Amino acid sequence: MIGIIDVGVGNIQSVKNWLDRCIVNWEIIDNYKKLKNYSLIILPGVGSAKLFSDNLKKYGLFEELKKANERGQRILGICLGTQIFMDYLEEDGGIEGLGFINGKALKLNLKESNTCWLPFSFNKNNLSKDWLKKSETTSRKTKLSGRVFYNHNYGITSIDNNVFNQKIELDSLSSFSSIIHKKNIVGFQFHPEKSQKLGEELFKIIL
């Protein structure tokens, strides 16, 4: 069973619709005590980093997510839900992250947000053994290419030597990550739930 963390920040409905299109069973995580029951935890995030962090703590999920990571549970982050994986987020005057991956979420070197479709490729062979041994994939594909949808003002920079770190395919943002992956953690800076058919195929490959 897949669990979607909902702390009242962002559009959770688009993630629900995405999983329905992928024909998988999911539940909203409304009690931190149930966190250990899920084969995959999805951490979506849109909006204020401080509010997101504060609400994770308010609902008892901040520390419980750390315990889930220590147990080796698979956790998938989307946009702000990925940025919170880092040690530090620059937004809102500085926010402590979960520390799953060494690095920071920093303001993009753009006048406006990065809101657009950009080229993207993925190879399932880049996933770790920790992730693959728990995989429930519903697709025979191992590679994908196309475009994905981004909408963000802050981006991920990692100094962790033990990660798979695929960069955004745009010269002005090539220092920021598109995908970051370490053991049982996968983070997407883009929005797979808004990336149409490619987003669905991607989820089926990594599931």
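Residues numbered from 1 in each chain as written. Predicted model: local features only at pLDDT ≥ 70, side-chain atom pairs only at ≥ 80, totals over all residues. Heavy atoms only, no water.

Peer 1: Can you walk me through the pattern of salt bridges in this structure?
Peer 2: A pair can form between side chains of opposite charge whenever their charged atoms are brought close. The full count for this structure, using the stated rule, is eight salt bridges. Salt-bridge contacts for Arg 21 lead to Glu 200; the nearest nitrogen and oxygen are separated by 2.8 Å. Of the two residues, Arg 21 is situated in helix H1 (residues 12-21) and Glu 200 in helix H6 (residues 196-206); the sequence distance between them amounts to 179 residues. Owing to a relative accessible area of 11%, Glu 200 belongs among the buried residues under this scheme. Here Glu 201 makes a salt bridge to Lys 141, at a shortest N to O gap of 4.0 Å. Taken together, the positions of Glu 201 in helix H6 and Lys 141 in the loop between helix H5 (129-132) and strand E9 (143-152) put the pair 60 residues apart, joining distant regions of the chain. The buried category is assigned to Glu 201, whose relative accessible area is 14%. (Salt bridge = Lys/Arg side-chain N within 4 Å of Asp/Glu carboxyl O. Helix = DSSP H or I, 4+ residues; strand = E, 2+ residues; numbered from the N terminus. Buried < 20%, exposed > 50% of the residue type's maximum accessible area, 1.4 Å probe, protein only.)

Peer 1: Explain the nonpolar core to me, please; I cannot follow it from the model alone.
Peer 2: In a soluble, globular protein the nonpolar side chains are often hidden away together inside. Of all hydrophobic cores here, the largest spans 35 residues; its most connected members are Trp 18, Ile 42, Leu 76, Phe 122, Phe 203 and Ile 206. Mapped onto this core, the elements with two or more residues apiece are strand E1 (2-5), H1, strand E3 (40-45), strand E4 (74-79), strand E8 (114-123), E9, strand E13 (185-188) and H6. Per-element accounting of this core gives the leading share, five residues, to H6. Core analysis: the next-biggest nonpolar cluster, separate from the first, contains 30 residues, Leu 56, Phe 62, Ala 105 and Ile 156 among them. (Core = buried A, V, L, I, M, F, W, Y, C linked by side-chain atoms within 4.5 Å.)

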